[in-house]
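This is what each chain is made of:
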Amino acid sequence: MANGAKDKNTHAAPELDEAQAAHPTHDPGHGPPPEPGFWRKYVFSTDHKVIGIQYGITALLFLLIGFCLVMLMRWQLAYPGEALPLIGKLFGEANMPDGVMQPEFYNQLGAMHGTIMVFLGIVPLAVGAFGNYVVPLQIGAPDMAFPKLNMASYWVYFLGGVVMLASFFVPAGAAKAGWTSYPPLADIETMGQTMWLIGMLFLITSSLLGAVNFLTTIIQLRAPGMTFMRMPFFVWAQFVTAFLLLLAFPPLEAAAIFQLMDRLAGTSFFLPSGLVVSGEVLDVAGGGSPLLWQHLFWFLAHPEVYVLILPAMGIVAEIIANNTRKPLWGYKALVYSVIFLGFMSFIVWAHHMFITGMGTTISAFFQVTTMIISIPSVVILSALFISLWGGSIRFTTPMLFALGFLPMFGIGGLTGLPLGLAPTDIHLHDTYYVIGHFHYVVAPGTIIALFAGIYYWFPKITGRKMNDRLGKIHFWGTILFMNGIFFPMFIQGMAGVSRRLYDGGQVYQIAEPVIHYNEFMSICAWLLALAQIPFIINFFMSLKKGEKVEANVWKATTLEWSAAPSPPVAHGNFPKLPTVHRGPYEYSVPGHDRDYLPQDEAPTVAVER
């Protein structure tokens, strides 16, 4: 390791010099660079930290909007056909006459909830915000490799979000064909579907720009001594995530263009011949295949699950190492697992399509690959659990959220296994069981981890710490009510209740024994909204009145804490670019006064780990 690191150092140093030339920081001979104006500093900034904050604030707003949409849906599911009190009439006669939700509006809310939460909320927060802000700091880079491309990535994402929200105001409202936009229904939908496709093109382009930037930055701009095996696990998670974005999104971008052509130019990539709509044969060129869309969509959408979860795992790993005061157990196993998991995520997509009539051979192939991909996930989760063993655990607010992530993701992962096997998936397909499984991965899993990251890195961004008491109230309310929403979905799903019912299953006899859970889940959803109030108060109050803390408040070992002030230096990050001397998690090393050794601290004695 020592020799390998030395060799790497000799290669990394000149690369960093080039980066410094591209992004000048402090030049002792000529003084600091001129201060940019308001628009260049806060709006069209090329500083990765400002862009990260822009991504973070925008994504949190979209998460709030997406959550509000589903709270409206939960009213309809809990009390089908009853008028929504107080605010029901605000949505117009077309959507909610006399406050009663129409089926078409319910479908709009469902499609846009999924789209907003995944593509406008969680991914931009996990990758755009945390990745942009933290990765350059953790690898000792002065900025991202392509700052202007970085700025363009944010504004293209923002434009995509505006187009998506604007679709609610076009004739017949937003897209109604679900977040998966399956043809042929999506091909013959109203104008909102066209807006959805245009919005997706912006969002995909933004992701591709970001992915190229992350890969180049991590490969080219690591500080001297920062070998690949000295990178924090969070950087590895973002590295693999960038590969997934770069390779998985282009097929969906092509598919979105094809569907746009079907809708606007008279093609029929996804429209078969002889399609009957409202009793009449649809006049199309014909010969298209709706299944082609499903293949292209899921080729992206399954790796997309790992785009959501890998950064979350990276955040949790950082917090667990710091708060147990010991190295991550099995660091190399974690790294190899995340790489293998990224590779395997490209060959499991068709387990979403067992009921499309695929042959037994190809079905068996995707069942096997789906079982195989669970192995690295189990390795990662087990390593994080084992890391707790024997640790001197500090139960800080970020650590509570990180600990909450472990069993929640475990439930999400284990409940996915029956969906990866055709005999059980055929029974459970399109039921609430699928919704419960997916949401345990994404909500009590990923979103809990993202909250952990916000509490953990807030002092680095602002120089102030968030209030612990409010943070712990936020944690317990969130974890309790999230389980109250999603766990009963497994019960409803196993009873066979479909997830696409406007009345929650009221007209079906099979739903009768379990339909009462709808009201319970809805109340939990509204209480979950109330549980976010302490977080919102804490967030804004801490910006002005939070406890001022030192640069390395958590006594951490990684560069963003040990080598950069809080907040870091604008356009350059570090007062002096660091050199890395050791791995990322040197906690409780025997023979030292402190229980942590920062990566950039020069060794006083030979320590070989």
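Basis of the calculations
Residues numbered from 1 in each chain as written. Predicted model: local features only at pLDDT ≥ 70, side-chain atom pairs only at ≥ 80, totals over all residues. Heavy atoms only, no water. Core = buried A, V, L, I, M, F, W, Y, C linked by side-chain atoms within 4.5 Å. Buried < 20%, exposed > 50% of the residue type's maximum accessible area, 1.4 Å probe, protein only. Helix = DSSP H or I, 4+ residues; strand = E, 2+ residues; numbered from the N terminus. Contact = heavy atoms within 4.5 Å. Salt bridge = Lys/Arg side-chain N within 4 Å of Asp/Glu carboxyl O. pLDDT = per-residue confidence, 0-100. Polar contact = N/O pair within 3.5 Å; in protein donor to acceptor, adjacent residues only side chain to side chain. Phe/Tyr/Trp six-rings, centres within 6.5 Å; stacked < 30°, edge-to-face > 60°.

*Asks:* Where do I start with the nonpolar core in this structure?
*Replies:* In this structure, Phe233, Leu252, Ile309, Leu310 and Phe405 are the most contacted members of the largest nonpolar core, which totals 183 residues. Sorting elements by how many residues they give to this core places helix 4 (residues 103-139) first, with 21 residues. Discounting residues that sit within four places of it in the chain, Phe233 has contacts with Met313, Gly314, Ala317, Glu318, Leu328, Tyr331, Leu334, Val335, Val338 and Tyr585.

*Asks:* Just checking my understanding: could you explain the pattern of salt bridges for this structure?
*Replies:* Oppositely charged side chains are able to pair whenever their charged atoms sit close together. Evaluated as defined, the whole model comprises eight salt bridges. A salt bridge links Arg499 to Asp430; its shortest N-O distance comes to 3.0 Å. With Arg499 in the loop between helix 14 (468-494) and helix 15 (517-531) and Asp430 in the loop between helix 12 (422-428) and helix 13 (432-462), the pair connects residues that are 69 residues apart, well separated along the chain. With relative accessibility at 25%, the residue Asp430 sits in the partly exposed group.

*Asks:* Quick question: what am I supposed to make of the confidence of the model for the chain here?
*Replies:* Detailed reading of the predicted coordinates is not advisable wherever pLDDT is low. The predicted model of the chain has a mean per-residue pLDDT of 92, with 94% of residues at 70 or higher. When pLDDT is averaged over each helix and strand of the chain, the minimum, 42, is found for helix 1 (residues 2-22) and the maximum, 98, for helix 15. Within the model, pLDDT remains below 50 along residues 1-22, and this stretch shows 28 contacts once partners closer than five positions in the same chain are excluded.

*Asks:* Just checking my understanding: could you explain unusual backbone geometry for this structure?
*Replies:* Leave glycine aside and you will find that most residues have negative phi; peptide bonds, for their part, are mostly trans. At the junction of Pro183 and Pro184, the peptide bond is cis and its omega measures out at 5° in the coordinates. Relative to the assigned elements, Pro184 resides in the loop between helix 5 (147-166) and helix 6 (191-220). Backbone torsion omega between Ser566 and Pro567 reads -5°, so that peptide bond is classified as cis. Turning to its location among the elements, Pro567 is positioned in the segment after helix 17 (559-562). One non-glycine residue with positive phi stands out, namely Asn573, at about 75°. Along the chain, Asn573 turns up in the segment after helix 17. Notably, Ser588 is not glycine yet its phi reads approximately 50°, a positive angle. Structurally, Ser588 is set in the segment after helix 17. The class of Ser588 is partly exposed, set by a relative accessible area of 40%.

*Asks:* Hey, could you run me through the side chain of Gln532 in this one?
*Replies:* Along the chain, the position of Gln532 falls in the loop between helix 15 and helix 16 (533-545). Polar side-chain contacts of Gln532 include one of 2.8 Å to the side chain of His474. When residues no more than four places from it in sequence are discounted, the contact partners of Gln532 are Phe451, His474 and Thr478.

*Asks:* What should I look at first to understand the packing of aromatic side chains in this one?
*Replies:* Aromatic ring pairs are reported here in terms of the distance separating the ring centres and the angle at which the planes meet. Tallied over the full model, the rule gives 53 aromatic pairs. Aromatic pair Trp155 and Phe158: ring centres 5.3 Å apart, planes at 70°, arrangement edge-to-face. Note that Trp155 and Phe158 are positioned in helix 5 at a spacing of three residues, about one turn of the helix. Taking the relative accessible area as the measure of exposure, Phe158 reaches 32% and is therefore partly exposed. Taking 6.2 Å as the distance between ring centres and 25° as the angle between the ring planes, the aromatic pair formed by Trp293 and Phe297 counts as stacked.

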